[in-house]
Amino acid sequence: MTRKGISLRPTIDIEALGFDAGAHLLVKHALQQVAPGADIDVTGASAGWDSQLAAWCRSQGHPCQLVERDGHTVARVTRGHVQAGRWRGAMQTGHADPALDGAVADHAQPRWGLAARGATVEAGSPAMHFRLDQKSEVWAGRAADLYAQAAAAQWDPETAIDWNAPFELPDIVEDAVVQVLTYMIENEVAALVVPARFLGQLHPHYREVQAVLAIQCADEARHIDVFTRRVRLKGKGPALSTAGGQNSLKTLLDEADFSVAEFLLSVLGEGTFVSLLQFLHTHAPDPVTRQIARLAARDEARHVAFGMTHLAARLEREPAFRIRLANAVQSRNDALSGTSGLNEEVFDALILLAAGEFTPAAIATGYQRVQELMVDMAEGRQARLEKLGFAKDAAQQLSSLHTRNFM
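It should be emphasised that the depicted structure is a prediction, and the values quoted were computed from it without experimental measurement.

Enquirer: What am I meant to see in the overall build of the protein here?
Expert: Helix and strand content of the protein: 14 helices and 7 strands. Computed over C-alpha atoms, the radius of gyration of the protein comes to 31 Å, more than 25% over the 22 Å expected from 2.2 N^0.38 for 407 residues, which places it beyond the range of a compact globule. Once the C-alpha set of the protein is aligned to its principal axes, its extents read approximately 110 × 50 × 30 Å. Each of the 407 residues in the protein was classed as buried or not, and the buried ones make up 48%. In the structure as shown, the protein presents an accessible area of about 18700 Å², 54% of it carried by carbon and sulfur atoms. Within the protein, the 48 negative side-chain charges are centred at a point lying 6 Å from the centre of the 39 positive side-chain charges.

Enquirer: How should the packing of aromatic side chains be read in this particular structure?
Expert: A ring pair, where both rings are aromatic, is described by two values, the distance of the centres and the angle of the planes. One pass over the structure, following the stated rule, counts 7 aromatic pairs. Relative to F273, the ring of Y183 lies with its centre 5.9 Å away and its plane at 35 degrees, an arrangement referred to as tilted. One end of the pair, Y183, is in helix α6 (residues 171–199); the other, F273, is in helix α9 (residues 258–283), and 90 residues separate them in sequence. For the pair shown, Y183 and F273 are each scored as buried. Over the aromatic face of F198 sits the side chain of R197, whose NZ or CZ is 4.7 Å from the ring centroid. Positioned over the ring face of W155 is R222, at 4.5 Å from the centre of the ring.

Enquirer: Would you take a moment to explain the pairing of strand β5 (residues 72–78) for this structure?
Expert: The two faces of a sheet get side chains in turn, since along a regular strand they alternate between them. Note that strand β3 (residues 39–43) and β5 share 4 bridges and pair antiparallel. Paired with D41 across the two strands is R76, which belongs to β5. Where strand β4 (residues 64–69) and β5 come together, 6 bridges link them in antiparallel fashion. Among the inter-strand pairings, R69 is bridged to a residue of β5, identified as H72.

Enquirer: Any chance you could explain the confidence of the model for the protein here in plain terms?
Expert: Regions with low pLDDT carry predicted coordinates that are not meant to be interpreted in detail. Across the protein, pLDDT averages 94, with 97% of residues at or above 70. In this model residues 1–6 is a low-confidence stretch, pLDDT under 50, and it forms 14 contacts with partners more than four residues away in sequence or in other chains.

Enquirer: I keep staring at helix α12 (residues 344–355) and nothing clicks. Help me out?
Expert: Residue pairs spaced three or four apart in an α-helix point in one direction, given the helix's 3.6 residues per turn. For α12, built from 12 residues, the straight-helix expectation of 16 Å at 1.5 Å per residue is met to within 8% by its first-to-last C-alpha distance of 17 Å. Regarding α12, the residues found buried are V346, A349, L350, I351, L352, L353, A354 and A355. Of the surrounding elements, those touching the buried residues of α12 are α6, α9 and α13 (360–387). Measuring from the side-chain oxygen of the N-cap residue of α12 to the backbone nitrogen of E345 gives 2.8 Å; that N-cap residue is N343. Looking at the residues trailing α12, positive phi occurs at G356, about 85 degrees.

Enquirer: I'm lost on the nonpolar core in this one. Help?
Expert: Nonpolar side chains in soluble globular proteins tend to end up buried together. Counting 89 residues, the largest nonpolar core has M184, F227, F263, L276, F306 and L350 as its most contacted members. Broken down by element, the residue count for this core peaks at 14 residues, all from α9. The residue makeup of this core includes at least three contributed by each of domain 2 (89–129) and domain 3 (135–404). Residues in contact with M184, not counting those within four places in the same chain, are F227, F273, L276, L277 and L280. Listed in part, the 16 residues of the second largest apolar core include A30, W49, L53 and A75.

Analysis parameters
Residues numbered from 1 in each chain as written. Predicted model: local features only at pLDDT ≥ 70, side-chain atom pairs only at ≥ 80, totals over all residues. Heavy atoms only, no water. Helix = DSSP H or I, 4+ residues; strand = E, 2+ residues; numbered from the N terminus. Rg over C-alpha atoms; globule rule 2.2 N^0.38 Å. Buried < 20%, exposed > 50% of the residue type's maximum accessible area, 1.4 Å probe, protein only. Areas by Shrake-Rupley, 256 points an atom, 1.4 Å probe, with all protein chains shown as cover. Lys, Arg positive; Asp, Glu negative; His and termini not counted. Charge placed at Lys NZ, Arg CZ, Asp CG, Glu CD. Phe/Tyr/Trp six-rings, centres within 6.5 Å; stacked < 30°, edge-to-face > 60°. Lys NZ or Arg CZ within 6 Å of the ring centre and 35° of its normal. Pairing = 2+ DSSP bridges. pLDDT = per-residue confidence, 0-100. Contact = heavy atoms within 4.5 Å. Expected span 1.5 Å × (residues − 1). Polar contact = N/O pair within 3.5 Å; in protein donor to acceptor, adjacent residues only side chain to side chain. Core = buried A, V, L, I, M, F, W, Y, C linked by side-chain atoms within 4.5 Å. Domains from an automatic or database assignment.

Here it is, written out as structure tokens:
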């Protein structure tokens, strides 16, 4: 391509390049250098280049006039406006930077489909219906930061855990470790399934929240893997799972409201599990279990942070939503009133792990440590509830109603 100075307006020569071989790119680039409404001149030498140019201009919404100059055909092309031609009626979808005013829409349109937020979506694109398409239902202002933190903190089970660390435990102690981890596996499965279910219902316009949920699923999948590997490390298989525990987790899977599910799972359940994992990091009888507990607790703390951030934002807009959350805790407690709560074998296993040895004095110490754990769990739940704006008495009451199954 050469530029000529014959006229005051920009002129490009596409030479023998046809529009079926990429000449439109040269014209498009030249038009991008001028303002809408301004002209460029185009010349060419291939057969039928002028009619090809005219057809392309019509499809793109750029007026084109053919004129004669010194015995040669020159096409005068006027840059059209964005809403002309193919992009007439195109839809704007906010902005990629969520910090800009109006970047994230209050309602994500079905016809935005899978487009990146901020993209211009051509009219006629198919409608894709996502149940969670309201900003008020899903948004968390810190979602992008929390995702970045989570991405930076990912750990590889092969290198982060010393699977070959030497240790031998008495059978009764190894059985206790296996029972606790069996219980934790099914709870982590619930913590994977709940965000995974909402992930498929979330409009991609809210991509920061989508990313957080996706990495939470990855975290939980990794926890399930490492807990299972520890269960099998000494040749054993998973232990007991109770109907009460399954019923408790089913109530989480049955919750249809995103905010309520985040409240029950992340703020109350996973927050309680952080205390349990920290307890295991302190009292587990072997280095592998202690390493696993430390790493998993760090992940779970991020999940709690997202739940708190999301709920804080929603409650700031809708203070009355606290009533809905309180009712959800009460309803869950009522639904589980006939179940046994925490697996007795898990409770006994925790006592044994905290005891450190199988003597009356040690068992008494272990029992006291488990009681202190449950107090710590309750106080942690209460503190998070107060941070979400619940009065102290209400927070204490709701904390006490949380499932005895911990999650």
